[in-house]
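# Structure assessment
Listed below are the residues making up each chain.
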Amino acid sequence: MRRLLWLSVVLALVVAYPLLFSTPFQQRLGALVLLYAIAASAWNIVGGYAGQVSVGHVVFFGCGAYAAMGAYAHFALSPLVGIPVGIVISVAISAIIGVPTLRLSGHYFSMATIAVAELVRLIVTNTGYLGAAVGLSGPTVPRNVFDLSFISALPYYYLFLAVLALTLGITWWIANSRMGFYLRAIRDSERAARSLGAPASRTKLYAFMLSAGLTSVAGALYAMMFGFVDPESGLGILISVKMLIMAALGGAGLLFGPLVGAAILVPLEEISNNLLGGKGAGLTFVLYGAIIVLIARFQPGGILMLVKRMIAKRRSKLPSAEARGAAHAP
Amino acid sequence: MRFKHIIGLLCAASISVMLAGHAFAQEKTVKIGAVYPLSGNAASAGVHAKAAIEVAMDIINNPHPEFGNFPLAKNAGLAGLGGAKVEVVFADNQGSPATGQNQALRLITEEKVVALTGSYQSGITLTASAIAEKYGIPFVNGESVAANLTERGFKWFFRVTPVAADFAKIYYEFLKDMKAAGVKTDSVALVHDNTEYGTSVSSVITSVFKDNGQSIALDIAYAVNATDVQSQILQLKEKKPDVVIMIAYASDAILYAKTMQALDYKPPMIIADDSGYSDPSFIKSVGKISQGVLNRSSWSVGPPGSPTALIAEMYKKKSGDEMDDTAGRQMQAFFVLCGAIDRAGSTDPAKIQAALKATDLKPDQLMMGYKGIKFDEKGQNVLASGLVIQLQDGENYVAVWPKANAEKTPVLPYKGW
């Protein structure tokens, strides 16, 4: 009951945010938090729940971004048309690279995904149709509303919020289905899960494909908002790392973990750049890096894990039977 | 509890500092935003751009009678706005198109800048100027050369720099002149990296040369930040082109010079496309084995006491490095923007836009070697041009073409070491 109350308060705050903080930059900041939360939540399905740490997710992000910009640049269509195209391509790519690479475990899987991401970046850099190193740009002067090129960040905010709700809904549904139990079992011990009859390979592949499709939506939304994609901004390895760090910071394998991570890191990055960037001393990333190091050292489970533990501790102090039961829950 | 108090005090202190900052800003100033890569891969370029703009601010904001008739220098501040000072808010684009756009938005909406300049990398100039276009804020660019920037139908975007097509024409005209003088220029080879810069410049050169009936005999692309270029040099050695056009960043340019010496290959003529070959580190490390390399530039120091020589001196004092073509082009764009604000006599963006459209500067009012500054309806400066310079002694470039601006005559063939 209490949990539901808290959730609805947070939800109300999220919906009302752009009205409470109404300067264009604050609204845009809110939209960026949601955008990165979508990407990190998509990563969370395979990286958090299934424990397969992919550093190649930028491939799917790039698929979405390039599909959206390509729809405009080559066919003069709305970038929205690119979304389903991007999903189809990235699900296909994820199946192709997932079958061999998901057999690898631990660091080897991560390394294989890095290799794939770099390969794709190099191929795109040398492909004239995809704009090569110059990149593709979207409609800067909107022709109609379907070009999704707005001055205000408000429409983006609510669009991203809807997509994030959908992503989290799918994640929640997966986590509480049979597949979710398989995924968690695989994360804890793949060998044990297999010995109990869980179809590990197939489950991992499905999670990877689902995660890829959702990541490509995030990529398409990114490209629409900024109206441009080039190999560095659409396929650079740093974007994968960002998704990973956000999920890990908030709490990988928890439903709201990536959202919490994005809500901390995106403002941190933007605001520290606002305050320090103009000095030309490169302090932004020093600060950013220091915070990541501190969290990795003292709270590797993520911030949500810390909060959960604190709540559990407080409940265990209360004498009520219900609270005691909650504290003993795994 | 005590910790909380300290935090509270810190917050109060920081808020009061911010408020104080706002109070000072009440003085009569014109705020301009500058988005540059102050961190990341291109940080060096961004930091030099910042220094160049700070020198320009000094020239505009303080009286500099020694500059003679150079625009905006004589009196303090902008005469058209009653001596208002120019204030520049710098922002870091971190080498990312998304960050560049976010920062442009912040400068427009939070800092209330009346105009923007920047952003070095073409992709970032593209996204940052898109937000300026939406808000109706003039964006003056001095250094990004991607062709598509002025093909977007924008009304608030102005580009002062010559673009790849202008450079290609310079090379073509230069080669034509050399041919008339009896130098063999029939087969041309292009060597370029696979970055946005390398691919776009090489494709523009190819198409301009083709339109003029000159084909490219050999086109060699290589991966940027190369560790070995022997195969590329051997390809050149086998084809024996009359002219090699090099489009490379500094580290690659140095590697090419060293490998050419190691493999004892000297083409009859090397033309470099600025960037790496203009970098101070190139001249320092391999200048002596690259004697006679030709290059393009719009910057030339000029005789002592001239405005350009004074600017070069001020810039060297500020940044510790010699003035180069890129920093010069950025500085020139900033002067153009401030000149337009001065003529508009207002900080209203629409009036600044109108003044920019009416810009008509003559060569003696410029620090760069352009034929003038006049924008077409797309916002491109139609009078942008450049010189061909040559590293004759392995230490300093001298202007060798066109004849009107030449300090020395071109020395051919390529001497090397």
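Provided above is the structure to which this section pertains.
I will try to describe carefully the structure that is included in this document. Everything numeric in this text was worked out from a predicted model, so none of it was measured.

Here is what the cut-offs are and how they apply
Residues numbered from 1 in each chain as written. Chains lettered and ligands numbered in written order. Predicted model: local features only at pLDDT ≥ 70, side-chain atom pairs only at ≥ 80, totals over all residues. Helix = DSSP H or I, 4+ residues; strand = E, 2+ residues; numbered from the N terminus. Rg over C-alpha atoms; globule rule 2.2 N^0.38 Å. Buried ≥ 20, exposed ≤ 12 C-beta atoms within 10 Å, placed from the backbone. Contact = placed C-beta atoms within 7 Å. Core = buried A, V, L, I, M, F, W, Y, C linked by C-beta atoms within 7 Å. Nonpolar A, V, L, I, M, F, W, Y, C, P; charged D, E, K, R; others polar. Pairing = 2+ DSSP bridges. Axes fitted to C-alpha atoms, helices over the stretch in contact; angles between N-to-C directions. Expected span 1.5 Å × (residues − 1).

### Overview of the overall build of chain A
- When its secondary structure is counted, chain A shows 15 helices and two strands.
- A globule of 330 residues ought to have a C-alpha radius of gyration of about 20 Å, and chain A, at 20 Å, matches this closely.
- Referenced to the eigenvectors of the C-alpha coordinate spread, the extents of chain A come out at roughly 65 × 50 × 40 Å.
- Classification of the 330 residues of chain A by burial places 49% in the buried group.
- The long-range share in chain A, meaning contacts at least 24 apart out of those at least 6 apart in sequence, stands at 74%.

### What about the overall build of chain B?
- In terms of helices and strands, chain B carries 12 helices and 12 strands.
- Against the 2.2 N^0.38 benchmark of 22 Å for 417 residues, chain B shows a C-alpha radius of gyration of 23 Å, consistent with a compact globule.
- Taken along the three principal axes of its C-alpha coordinates, chain B extends 75 × 55 × 40 Å.
- Burial analysis of chain B (417 residues in total) assigns 51% to the buried set.

### What to know about the nonpolar core
- The biggest cluster of nonpolar side chains holds 224 residues, and the ones touching the most others in it are Leu35(A), Ile38(A), Phe160(A) and Met246(B).
- For this core, the leading source of residues is helix α2 (residues 24-49) of chain A, giving 17 residues.
- What Met246(B) contacts, discounting residues up to four positions off in sequence, is Val191(B), Ala253(B), Tyr256(B), Ile270(B), Ala272(B), Asp273(B) and Tyr277(B).

### Considering the interface of chain B and chain A
- On the side of chain A, 28 residues touch chain B, which itself brings 37 residues to the contact.
- Where the side of chain B that touches chain A is concerned, the elements lending two or more residues are α2 (43-61), β2 (85-92), α3 (97-109), α4 (122-135) and α6 (196-211) of chain B.
- Tallying contributions element by element places α3(B) first for the side of chain B that touches chain A, with eight residues.
- When the residues that make up the side of chain B that touches chain A are grouped by side-chain class, the tally is 13 nonpolar, 16 polar and eight charged.

### As for the sheet that holds strand β4 (residues 139-141) of chain B
Residues and elements named next belong to chain B.
- One open sheet accounts for five strands, arranged β2-β1-β3-β4-β5; its pairing is parallel. The open sheet has two edge strands, β2 and β5 (157-159), and neither has a second partner. Within this sheet the neighbouring strands show an average axis-to-axis angle of 25 degrees, counted without direction.
- The strands touched by α2 are β1 (29-36) and β2; relative to β2, the strand with the most contacts, the crossing angle is about 170 degrees.

### Overview of the pairing of strand β11 (residues 387-391) of chain B
All names here are of chain B.
- Of all five residues making up β11, five are buried, and the element is well covered by its neighbours.
- A two-sided burial pattern is seen for β11, the buried positions comprising Leu387, Ile389 and Leu391 on one face and Val388 and Gln390 on the other.
- Bridge count for strand β10 (residues 294-297) against β11 is four bridges, and the pairing is antiparallel. Considered in β11, the bridge of Asn295 is made with Ile389.
- Pairing geometry for β11 and strand β12 (residues 397-401), over four bridges, is antiparallel. Within the sheet, the bridge partner assigned to Gln390 lies in β12 and is Val398.
- Linking β11 back to β12 in an antiparallel pair, the connection comprises five residues, with Gly394 at a positive phi of about 80 degrees.

### As for α6(B)
All names here are of chain B.
- If you check α6, its first and last C-alpha atoms are 23 Å apart, about what 16 residues at 1.5 Å a residue would give, namely 22 Å.
- Contact partners of the buried residues in α6: α4, α5 (164-180), β6 (188-193), β7 (216-222) and β8 (243-247).
- Gly213 lies just past α6 and shows a positive phi near 80 degrees.

### Re the sheet that holds β6(B)
Residues and elements named next belong to chain B.
- The seven strands lie next to each other as β7-β6-β8-β9-β10-β11-β12, forming an open sheet whose pairing is mixed. Each edge of the sheet is formed by a strand with only one pairing partner; in this case those strands are β7 and β12. Neighbouring strand axes in the sheet, compared pairwise and without regard to direction, differ in orientation by 30 degrees on average.
- As defined by bridge partners, β8 adjoins strand β9 (residues 269-272) across four bridges and the pair is classed as parallel. When the bridges of β9 are listed, Met246 appears paired with Ala272.

### A look at the environment of Phe256(A)
- You can see Phe256(A) is positioned in the loop between α11 (237-250) and α12 (257-276).
- A C-alpha to C-alpha distance of 9.1 Å links Phe256(A) and Ala37(A), two positions 219 residues apart in sequence.

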